[in-house]
Amino acid sequence: MNVGLRNNAERCYQQAEKKAAQYFQILYKDVNDKSYIPTLTKDFKTWKHQHIHRSPFPFLTGGKRPSDTKDNNSYIRWLNYTGKLNQYLDRSISYIFMRDMGKDLKAPNTQSRIDNVVTSLKEHLLKTVSKDQNEEIDIFSTAGLYRWGQKEGIESTIIWLLEKLKTVSMNIPEGMDGTHAQRKLIKIIAGVIINEIEEMEEDLSPEVRTNKLDTALRLGFAYGLTYPFIDDLLDAQILTDKEQRQYSDMIRTTLLTETVPEPGKWTGQNKNLLEFVQSELSEAFQYIKNQQPEEKLHSFFEQSYVFFKSQEIDRDKVLSNATYTNEDLYIPIIIKSSSSRLIVRSLINAPEDEGHDKRIFCYGIYNQLADDFSDMFSDMEDSAVTPYTYYLTHHKKRTDLVNPYELYWTVISYLIHNIYNSDPKACEIILNRAINGLKRFKKRVGNKVYEEIMETFASGNPAFNHVVQKMVRKAEDVDFFDKLLRDHMVTNIKNEQKEKEEFTELVEEVRPKINNLLYIHHHNNDVSPVINAANYSLDGGGKRLRPIVTWMMGVKEYGLKESTIAPLLKSLEYMHTASLIYDDLPSQDNASFRRGQETVHQVYNTAIAELTGLFLTQRATFEQASLTQFDAEVVLKLIQYSTQSTEDMCKGQVMDLNSKGKQLSLEELNLMCHLKTGKGFEAALIMPSILSKVNEREIEALKKFAYHAGIAFQIKDDLLDVEGATVLLGKMVGKDAINNQSTFVTILGLEGAKKEMWEHYCKALEVLQDIQLKTSFLKQILNYFVHRDH
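Computed from a predicted model, the values in this text were never measured in an experiment. (Residues numbered from 1 in each chain as written. Predicted model: local features only at pLDDT ≥ 70, side-chain atom pairs only at ≥ 80, totals over all residues. Heavy atoms only, no water.)

## Focus: the environment of Lys500
Part 1 of the argument: Turning to its location among the elements, Lys500 is positioned in helix α22 (residues 481-518).
Part 2 of the argument: Accessibility expressed as a relative area gives 47% for Lys500, which makes it partly exposed.
Part 3 of the argument: Linking Lys500 and Ser776, residues 276 residues apart in sequence, is a C-alpha distance of 9.4 Å. (Helix = DSSP H or I, 4+ residues; strand = E, 2+ residues; numbered from the N terminus. Buried < 20%, exposed > 50% of the residue type's maximum accessible area, 1.4 Å probe, protein only.)

## Brief notes about unusual backbone geometry
Part 1 of the argument: In this structure, Gln237 takes a positive phi of about 60 degrees despite not being glycine.
Part 2 of the argument: As for its position among the elements, Gln237 is in the loop between α10 (226-235) and α11 (241-257).
Part 3 of the argument: For Gln237, a relative accessible area of 63% corresponds to the exposed category.
Part 4 of the argument: In this structure, Ser422 takes a positive phi of about 60 degrees despite not being glycine.
Part 5 of the argument: In this structure Ser422 comes out as partly exposed when scored by relative accessible area, which is 40%.

## Notes on the packing of aromatic side chains
The geometry of an aromatic ring pair comes down to the distance between the two centres and the angle between the two planes.
Part 1 of the argument: Under the definition given, this model contains 40 aromatic pairs.
Part 2 of the argument: Residues Tyr95 and Phe480 carry aromatic rings whose centres are separated by 5.6 Å and whose planes lie at 65 degrees to one another, so their mutual orientation is edge-to-face. Here the residue Tyr95 occupies a position in helix α4 (residues 85-99), and Phe480 occupies one in the loop between α21 (462-474) and α22, the gap between them amounting to 385 residues.
Part 3 of the argument: A residue is classified by how much of its surface remains accessible, and Tyr95, at 1% relative accessible area, is buried.
Part 4 of the argument: One residue, Lys309, lies across the ring of Tyr13, its end atom 4.8 Å from the ring centre. (Phe/Tyr/Trp six-rings, centres within 6.5 Å; stacked < 30°, edge-to-face > 60°. Lys NZ or Arg CZ within 6 Å of the ring centre and 35° of its normal.)

## Some details on the side chain of Asn783
Part 1 of the argument: Structurally, Asn783 can be placed in helix α34 (residues 777-787).
Part 2 of the argument: In this structure Asn783 comes out as buried when scored by relative accessible area, which is 12%.
Part 3 of the argument: A polar atom in the side chain of Asn783 sits 2.7 Å from the side chain of Tyr761.
Part 4 of the argument: With sequence-adjacent residues up to four places away left out, Asn783 is seen in contact with Glu496 and Tyr761. (Polar contact = N/O pair within 3.5 Å; in protein donor to acceptor, adjacent residues only side chain to side chain. Contact = heavy atoms within 4.5 Å.)

## Regarding the state of the cysteines
Part 1 of the argument: For the structure shown, the criterion picks out zero disulfides.
Part 2 of the argument: The thiol of Cys427 is not disulfide-bonded; the next cysteine sulfur, from Cys362, is found 17 Å away.
Part 3 of the argument: Owing to a relative accessible area of 10%, Cys427 belongs among the buried residues under this scheme.
Part 4 of the argument: Cys673 provides the cysteine sulfur closest to Cys762, a residue in no disulfide bond, and the two sulfurs are 19 Å apart. (Disulfide = S-S within 2.5 Å.)

## Some thoughts on the nonpolar core
Part 1 of the argument: Core analysis: the largest hydrophobic core is formed by 145 residues, its most contacted members being Tyr247, Phe705 and Leu778.
Part 2 of the argument: Leave out the neighbours within four places in its chain, and Phe705 touches Phe681, Leu685, Ala764, Val767, Leu768, Leu778 and Leu782.
Part 3 of the argument: The next biggest cluster of nonpolar side chains, apart from the first, holds 91 residues, and it includes Phe44, Tyr363, Phe464 and Phe480. (Core = buried A, V, L, I, M, F, W, Y, C linked by side-chain atoms within 4.5 Å.)

## Some thoughts on the environment of Gln640
Part 1 of the argument: Here Gln640 lies in helix α28 (residues 632-658).
Part 2 of the argument: Distance in space between the C-alpha atoms of Gln640 and Arg546 is 18 Å, their sequence separation being 94 residues.

Next comes the structure, spelled out in structure tokens:
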């Protein structure tokens, strides 16, 4: 190891430690002197006039916030109706400018920049939450993120990011809070993007802006990975002691030598996890390194080492150790809480600014103390050492311990009057944030627990606590958009995970039921090679996607009885299997492998395969005619629709056969895929809708959804034919190239095909906004279409 690099890194940590110690001594003195109390009491006296409304007619001001706080759209509409939306967004964006970018709100142009963000965000929010118009997808959804990427010309980067986020979420081990890890990663990415946009000159060309955003997004992901795969992983007690030491040594060596060590020989139950994590972090590390200017490279690594070492020192503390000094407790968190944001500025090569750095440095501990207060119960459960958990554990025997709740208010006073020079707006925002944090905590833990906590932390200053608790009870208009966003994100991640699990469980439950329906019995023990061939093909382990979709729509969405639609489920799989048999014939695609086994014409012969396809097609019509629990007129309508769909599928197959060796246009390929593939998916949606007598408007919307979802499915198939694995697909990879077929990949290229898939994904989701379905399975099936690996 380079001794010089190590010494420089250690010297940087000692400098950070000295700076943090000086800051702590200032705060420690203010805590002991209680000087923050009269100062903040005076501040609250002014502040409360804007937040405690005494109108005898509250309805004249719009009343209180809607009780259903989970409905974010209703809340935004209510804020706009009551005239509070501008103020709400202004304090929220101003807070982000202070916290994440270290801005002085009184600086020239800062307020105009905030005003521009507020205007743009308000316009977007009002479009998103409009009851009458679904003008825009929520920007904080997957589709919304992609649409934003399109506007900025970085949709390829967004696709890369979505694939990366999927990989990360799949590899977050049990024992870690996956929701929390994903939220923090996304938050870091957003923070880097915000900083980059703020640093951009106004007259940048579109090309330069696009390049900067592309780099910032990749840097945000690379830096953000350190939270789930270093900070959270080391905190989660998943690794053995030996693995933890080896892993920490690897990270330390990387930062000190500026080079990732060769992959370690990981052993034990976490071998695969650690190999994956090291691979991902190595890639991220190399990208960050490549983006750093040569003259700033050492500085970046030294700063990163300071961040890592402060975390490591903090992590190594043991809650039962009663001998830690106040400096032991607070200095590492001052360092780590400030350096995490200072690194962001280093990442994007922001110009050095002593004022920025000082504000970010002093602000960090405020955020850390607020977060630790909110998380103190979960931290106690994990035996994690924070100022709050340590004080709760030892304060009765350690009268010398600084009360972290008092230090929290001391930091607030210091920020307002020493860092922001008593600026009224800074005072307003910081006090808003403090009261909002207490309100949220009280609501989450309940009045009884909240009062017990206040008895422990605030009893030493009853007069000041009385002022604070009055604000907590009565103050209004202290909400922040980033908290709404945080709750929205956490809820969405949890809901998505729950919906995905429920969807997967339901599919696994329904698929065997459908498999049990499909077997075709011989008549009077008269063994038929055609029936044998049909059963052979049906036994091939297909996904049963179409009958599963029909079951979901029929049973879960429309409330039809499973037994009454059993013939329809069989008919769909028979029709689909027949189409595959025809597709594989020597006269068509000449495939030798399907559903993990040899194709029908290989096992039997071409004539039997052709007859089996015809047999299954007729059998499908027979099953549809067996839907005796429904009106004959409705069944007839269904059969007419089915035969028309079969005709369209044949047209699509003819187009496919005639396209061999030719280069189709994108429009021709879309039509061919819709007819050949999409129509089968459409039928799975429309047939149960016909049986349920759904109105034509919804049926047309479902057809539109099926069109876009079906093409997205086909594009994914084309991508898997290039990027997939035979063992997962159950068919030969590269078949399209061998057959000289036009595909979305051959026409658009790999990157263009991915863009086209996500475009159809977004359009399909936009259609779903217009359909008021009871279940979310169509969204889940769409997600499966674009994320599947087989």
